[in-house]
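Chains, contacts and geometry: an overview
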Amino acid sequence: EAQVTQNPRYLITVTGKKLTVTCSQNMNHEYMSWYRQDPGLGLRQIYYSMNVEVTDKGDVPEGYKVSRKEKRNFPLILESPSPNQTSLYFCASSLDWGGAEAFFGQGTRLTVV
Amino acid sequence: AQSVSQHNHHVILSEAASLELGCNYSYGGTVNLFWYVQYPGQHLQLLLKYFSGDPLVKGIKGFEAEFIKSKFSFNLRKPSVQWSDTAEYFCAVNEAGANNLFFGTGTRLTVIP
(Lines give C-alpha, C1' and ligand atoms only; values in the text may rest on other atoms or scores of the structure.)
Protein backbone atom coordinates (compact mmCIF):
# COMPACT_ATOMS: atom_id res chain seq x y z
CA GLU A 1 0.00 0.00 0.00
CA ALA A 2 1.33 3.40 -0.99
CA GLN A 3 1.84 5.48 2.07
CA VAL A 4 3.73 8.21 3.85
CA THR A 5 4.53 7.34 7.45
CA GLN A 6 5.31 9.89 10.12
CA ASN A 7 6.46 9.26 13.65
CA PRO A 8 5.57 10.10 16.28
CA ARG A 9 1.90 11.01 15.87
CA TYR A 10 1.87 13.00 19.10
CA LEU A 11 4.74 14.62 20.95
CA ILE A 12 4.95 16.89 23.96
CA THR A 13 8.36 18.33 24.68
CA VAL A 14 10.03 21.15 26.56
CA THR A 15 11.60 24.26 25.15
CA GLY A 16 15.12 23.68 23.90
CA LYS A 17 15.11 19.91 23.82
CA LYS A 18 16.14 18.73 20.36
CA LEU A 19 13.69 16.49 18.56
CA THR A 20 13.30 14.73 15.24
CA VAL A 21 10.11 13.82 13.44
CA THR A 22 10.63 11.05 10.94
CA CYS A 23 8.97 10.70 7.56
CA SER A 24 9.21 7.76 5.22
CA GLN A 25 7.53 7.03 1.89
CA ASN A 26 7.36 3.77 -0.03
CA MET A 27 6.48 5.12 -3.47
CA ASN A 28 9.99 5.95 -4.70
CA HIS A 29 8.97 9.59 -4.95
CA GLU A 30 11.64 12.15 -5.64
CA TYR A 31 9.87 15.13 -4.13
CA MET A 32 9.20 15.39 -0.40
CA SER A 33 8.17 18.30 1.75
CA TRP A 34 7.18 19.34 5.25
CA TYR A 35 4.24 21.55 6.15
CA ARG A 36 2.89 22.95 9.34
CA GLN A 37 -0.81 23.51 9.80
CA ASP A 38 -2.06 26.23 12.10
CA PRO A 39 -5.64 27.44 12.63
CA GLY A 40 -6.54 30.22 10.23
CA LEU A 41 -3.25 29.92 8.37
CA GLY A 42 -3.75 26.70 6.46
CA LEU A 43 -0.68 24.72 5.44
CA ARG A 44 2.64 26.45 5.12
CA GLN A 45 5.66 24.79 3.62
CA ILE A 46 8.71 24.50 5.86
CA TYR A 47 11.25 22.73 3.66
CA TYR A 48 11.20 20.63 0.55
CA SER A 49 13.52 18.24 -1.18
CA MET A 50 13.69 17.47 -4.87
CA ASN A 51 15.94 14.46 -4.48
CA VAL A 52 18.64 12.92 -2.32
CA GLU A 53 20.92 15.60 -0.87
CA VAL A 54 18.85 18.36 -2.50
CA THR A 55 16.83 20.43 -0.06
CA ASP A 56 15.56 23.99 0.00
CA LYS A 57 13.64 26.35 2.22
CA GLY A 58 9.93 26.79 1.97
CA ASP A 59 7.93 29.68 3.36
CA VAL A 60 8.59 29.18 7.08
CA PRO A 61 11.98 27.48 7.53
CA GLU A 62 13.20 29.31 10.65
CA GLY A 63 13.90 26.98 13.54
CA TYR A 64 13.85 23.82 11.43
CA LYS A 65 16.37 21.61 9.67
CA VAL A 66 15.93 18.71 7.29
CA SER A 67 18.09 16.10 5.65
CA ARG A 68 17.63 13.78 2.69
CA LYS A 69 20.27 11.10 2.81
CA GLU A 70 18.02 8.44 1.34
CA LYS A 71 15.23 8.79 -1.16
CA ARG A 72 12.56 7.35 1.11
CA ASN A 73 13.32 9.34 4.28
CA PHE A 74 12.99 13.03 5.02
CA PRO A 75 13.28 13.79 8.75
CA LEU A 76 12.37 17.16 10.24
CA ILE A 77 14.71 18.35 12.98
CA LEU A 78 13.99 20.97 15.60
CA GLU A 79 17.34 21.75 17.20
CA SER A 80 15.91 23.97 19.93
CA PRO A 81 12.11 23.88 19.90
CA SER A 82 10.15 26.88 21.10
CA PRO A 83 6.46 27.22 22.02
CA ASN A 84 5.70 28.97 18.70
CA GLN A 85 6.55 25.70 16.98
CA THR A 86 3.57 24.05 18.60
CA SER A 87 1.63 22.92 15.57
CA LEU A 88 0.39 20.05 13.44
CA TYR A 89 3.06 18.88 11.03
CA PHE A 90 2.55 17.00 7.78
CA CYS A 91 5.06 15.31 5.55
CA ALA A 92 4.17 14.90 1.89
CA SER A 93 5.71 13.20 -1.11
CA SER A 94 5.01 13.29 -4.82
CA LEU A 95 6.41 11.82 -7.97
CA ASP A 96 7.64 15.19 -9.14
CA TRP A 97 6.71 18.79 -8.77
CA GLY A 98 5.15 19.31 -12.14
CA GLY A 99 1.90 19.26 -10.27
CA ALA A 100 1.70 15.57 -9.44
CA GLU A 101 -0.59 14.58 -6.62
CA ALA A 102 0.93 14.96 -3.17
CA PHE A 103 0.51 12.12 -0.70
CA PHE A 104 0.38 13.17 2.92
CA GLY A 105 1.36 11.46 6.13
CA GLN A 106 -1.04 11.19 9.06
CA GLY A 107 0.42 14.20 10.80
CA THR A 108 2.40 14.84 13.97
CA ARG A 109 0.86 17.00 16.64
CA LEU A 110 3.71 18.72 18.47
CA THR A 111 3.33 20.66 21.69
CA VAL A 112 6.29 22.61 23.03
CA VAL A 113 5.91 23.78 26.63
CA ALA B 1 4.75 34.33 -3.63
CA GLN B 2 1.50 32.89 -4.84
CA SER B 3 -1.58 33.86 -2.86
CA VAL B 4 -4.49 31.45 -2.53
CA SER B 5 -7.71 32.76 -1.00
CA GLN B 6 -10.54 30.75 0.43
CA HIS B 7 -13.06 33.28 1.62
CA ASN B 8 -15.40 30.89 3.40
CA HIS B 9 -13.85 29.90 6.70
CA HIS B 10 -16.70 27.82 8.03
CA VAL B 11 -19.74 26.65 6.11
CA ILE B 12 -22.67 24.90 7.75
CA LEU B 13 -25.17 23.07 5.58
CA SER B 14 -27.99 20.62 6.01
CA GLU B 15 -27.82 17.29 4.26
CA ALA B 16 -28.90 17.42 0.61
CA ALA B 17 -28.03 21.10 0.31
CA SER B 18 -25.80 22.20 -2.54
CA LEU B 19 -22.23 23.25 -1.84
CA GLU B 20 -19.92 25.74 -3.45
CA LEU B 21 -16.59 26.67 -1.90
CA GLY B 22 -14.63 29.53 -3.37
CA CYS B 23 -10.95 29.53 -4.26
CA ASN B 24 -9.05 32.35 -5.91
CA TYR B 25 -5.36 32.59 -6.66
CA SER B 26 -3.07 35.40 -7.65
CA TYR B 27 -0.58 33.96 -10.16
CA GLY B 28 -1.20 35.09 -13.72
CA GLY B 29 0.65 32.33 -15.51
CA THR B 30 -0.09 28.67 -16.10
CA VAL B 31 -1.17 26.84 -12.99
CA ASN B 32 -2.08 23.39 -11.79
CA LEU B 33 -4.98 23.42 -9.35
CA PHE B 34 -6.01 21.03 -6.62
CA TRP B 35 -8.63 20.49 -3.97
CA TYR B 36 -7.66 18.42 -0.95
CA VAL B 37 -9.95 17.21 1.82
CA GLN B 38 -9.03 16.54 5.43
CA TYR B 39 -11.54 14.46 7.38
CA PRO B 40 -11.47 14.90 11.16
CA GLY B 41 -8.26 13.48 12.59
CA GLN B 42 -6.96 12.36 9.23
CA HIS B 43 -4.39 13.46 6.70
CA LEU B 44 -5.07 15.38 3.52
CA GLN B 45 -6.37 13.47 0.54
CA LEU B 46 -6.72 14.59 -3.05
CA LEU B 47 -10.29 15.30 -4.16
CA LEU B 48 -9.59 16.47 -7.67
CA LYS B 49 -7.07 18.30 -9.80
CA TYR B 50 -6.89 20.41 -12.93
CA PHE B 51 -3.88 20.52 -15.22
CA SER B 52 -5.31 21.40 -18.63
CA GLY B 53 -8.20 20.70 -20.96
CA ASP B 54 -11.83 20.74 -19.89
CA PRO B 55 -12.12 23.42 -17.18
CA LEU B 56 -14.82 21.41 -15.43
CA VAL B 57 -13.17 18.56 -13.57
CA LYS B 58 -14.82 15.79 -11.66
CA GLY B 59 -13.34 14.21 -8.60
CA ILE B 60 -14.20 11.56 -6.08
CA LYS B 61 -17.38 11.39 -4.01
CA GLY B 62 -19.41 13.50 -6.41
CA PHE B 63 -17.30 16.63 -6.16
CA GLU B 64 -16.46 18.80 -9.13
CA ALA B 65 -14.63 22.05 -9.67
CA GLU B 66 -14.58 24.64 -12.40
CA PHE B 67 -11.50 26.53 -13.49
CA ILE B 68 -12.32 30.04 -14.68
CA LYS B 69 -9.07 31.53 -15.90
CA SER B 70 -10.43 35.05 -16.31
CA LYS B 71 -11.49 35.09 -12.67
CA PHE B 72 -8.43 33.24 -11.32
CA SER B 73 -10.87 30.92 -9.63
CA PHE B 74 -11.26 27.20 -9.02
CA ASN B 75 -14.46 26.75 -7.05
CA LEU B 76 -15.47 23.40 -5.61
CA ARG B 77 -19.05 22.20 -5.94
CA LYS B 78 -21.26 19.33 -4.93
CA PRO B 79 -24.98 19.20 -5.76
CA SER B 80 -26.06 17.41 -2.60
CA VAL B 81 -23.87 17.10 0.46
CA GLN B 82 -23.92 14.27 2.97
CA TRP B 83 -23.08 14.19 6.65
CA SER B 84 -19.91 12.28 5.74
CA ASP B 85 -18.67 15.30 3.78
CA THR B 86 -18.00 17.08 7.07
CA ALA B 87 -14.32 17.95 6.76
CA GLU B 88 -11.88 20.72 6.04
CA TYR B 89 -11.27 21.55 2.40
CA PHE B 90 -8.09 23.07 1.03
CA CYS B 91 -7.48 24.61 -2.33
CA ALA B 92 -3.89 24.42 -3.59
CA VAL B 93 -2.09 25.95 -6.54
CA ASN B 94 1.14 24.97 -8.26
CA GLU B 95 2.81 27.33 -10.67
CA ALA B 96 3.42 25.10 -13.66
CA GLY B 97 7.07 24.10 -13.84
CA ALA B 98 7.89 25.47 -10.40
CA ASN B 99 8.73 23.52 -7.27
CA ASN B 100 5.98 24.81 -5.05
CA LEU B 101 2.47 24.13 -3.90
CA PHE B 102 0.59 26.92 -2.19
CA PHE B 103 -2.38 26.15 0.01
CA GLY B 104 -5.32 28.28 0.97
CA THR B 105 -6.28 28.66 4.61
CA GLY B 106 -8.97 26.03 4.31
CA THR B 107 -12.75 25.94 4.66
CA ARG B 108 -14.37 23.91 7.36
CA LEU B 109 -17.59 22.29 6.20
CA THR B 110 -20.09 21.03 8.73
CA VAL B 111 -23.04 19.06 7.40
CA ILE B 112 -25.97 18.70 9.74
CA PRO B 113 -27.96 15.46 9.41
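Shown above is the structure to which this text applies.
A brief report on the enclosed structure follows. Small disclaimer: the values here were computed from a predicted structure and weren't measured.

1. Some points on the nonpolar core
- Counting residues in hydrophobic clusters, the biggest one holds 29 residues, and the most contacted among them are Leu-33, Trp-35, Leu-47, Leu-48, Phe-74, Leu-76 and Tyr-89 of chain B.
- Of all elements in the fold, only β2 (10-14), β3 (19-21), β5 (31-38), β6 (44-50), β8 (64-68), β9 (73-78), β10 (87-95) and β12 (107-112) of chain B reach the threshold of two or more residues within this core.
- Judged by nonpolar contacts, the second largest core, of 19 residues, contains Leu-19, Met-32, Tyr-47 and Tyr-89 of chain A.

2. Topic: the packing of aromatic side chains
- Scanning the model with the defined rule gives 15 aromatic pairs over all chains in all.
- Both rings, one in Tyr-35 of chain A and one in Phe-104 of chain A, keep their centres 6.0 Å apart while their planes meet at 45°; by these two values the pair is tilted. One end of the pair, Tyr-35 of chain A, is in strand β4 (residues 31-38); the other, Phe-104 of chain A, is in strand β10 (residues 103-104), and 69 residues separate them in sequence. Phe-104 of chain A carries the same exposure label as Tyr-35 of chain A, and that label is buried.
- Consider the rings of Phe-34 of chain B and Phe-51 of chain B, whose centres lie 5.9 Å apart with planes at 75°: the pair is edge-to-face. One end of the pair, Phe-34 of chain B, is in strand β5; the other, Phe-51 of chain B, is in the loop between β6 and β7 (56-58), with 17 residues separating them in the sequence.
- The class for Phe-34 of chain B is buried, based on a relative accessible area of 1%.

3. Concerning the interface of chain B and chain A
- Contacts between the two partners involve 21 residues from chain B and, on the opposite side, 22 residues from chain A.
- Taken together, both faces of the contact between chain B and chain A bury some 1,600 Å²; the carbon and sulfur share is 55%.
- Inspection of the region where chain B meets chain A yields 3 residue pairs in polar contact (both at pLDDT 80 or more).
- At the level of elements, β5, β6, β10 and β11 (102-103) of chain B are the ones that each hand at least two residues to the side of chain B that touches chain A.
- The element best represented in the side of chain B that touches chain A is β5 of chain B, accounting for 4 residues.

4. What about the pattern of salt bridges?
Residues and elements named next belong to chain B.
- In total, this model carries 8 salt bridges over all chains according to the counting rule given.
- For Glu-64, the salt bridge is made with Lys-58, and the minimal N-O distance between the two is 2.9 Å.
- Classification of Glu-64 by relative accessible area gives buried; the value is 18%.
- In this structure Lys-58 comes out as exposed when scored by relative accessible area, which is 64%.
- The salt bridge partner of Lys-78 is Asp-85, with a shortest N-O separation of 2.8 Å. Each of the two residues, Lys-78 as well as Asp-85, counts as buried.
- One network of salt bridges, in which partners are shared, links Lys-58, Glu-64, Glu-66 and Arg-77.

5. A closer look at unusual backbone geometry
Residues and elements named next belong to chain A.
- Note the cis peptide between Asn-7 and Pro-8, where omega equals -5°.
- The residue Pro-8 is located in the loop between β1 (4-7) and β2 (10-13) in this model.
- A positive phi angle is found at Asn-28, which is not glycine, with a value near 60°.
- Mapped onto the secondary structure, Asn-28 falls in the loop between β3 (19-25) and β4.
- With a relative accessible area of 54%, Asn-28 lands in the exposed category.

6. As for the pairing of β10 of chain B
Residue and element names in this part refer to chain B.
- Counting buried residues along β10, 8 of its 9 residues qualify, which places the element largely inside the surrounding structure.
- Summarising the sheet, β5 and β10 pair through 8 bridges and their orientation is antiparallel. Bridge pairing links Leu-33 to Val-93 in β10.
- Examined bridge by bridge, β10 and β12 share 3 bridges and lie antiparallel to one another. Pairing of Ala-87 across the sheet is with Leu-109, part of β12.
- Strand direction decides the pairing type here: β10 and β11, joined by 2 bridges, are antiparallel.

Cut-off values and rules
Residues numbered from 1 in each chain as written. Chains lettered and ligands numbered in written order. Predicted model: local features only at pLDDT ≥ 70, side-chain atom pairs only at ≥ 80, totals over all residues. Heavy atoms only, no water. Core = buried A, V, L, I, M, F, W, Y, C linked by side-chain atoms within 4.5 Å. Buried < 20%, exposed > 50% of the residue type's maximum accessible area, 1.4 Å probe, protein only. Helix = DSSP H or I, 4+ residues; strand = E, 2+ residues; numbered from the N terminus. Phe/Tyr/Trp six-rings, centres within 6.5 Å; stacked < 30°, edge-to-face > 60°. Contact = heavy atoms within 4.5 Å. Buried area = accessible area lost by both parts, 1.4 Å probe. Polar contact = N/O pair within 3.5 Å; in protein donor to acceptor, adjacent residues only side chain to side chain. Salt bridge = Lys/Arg side-chain N within 4 Å of Asp/Glu carboxyl O. Pairing = 2+ DSSP bridges.

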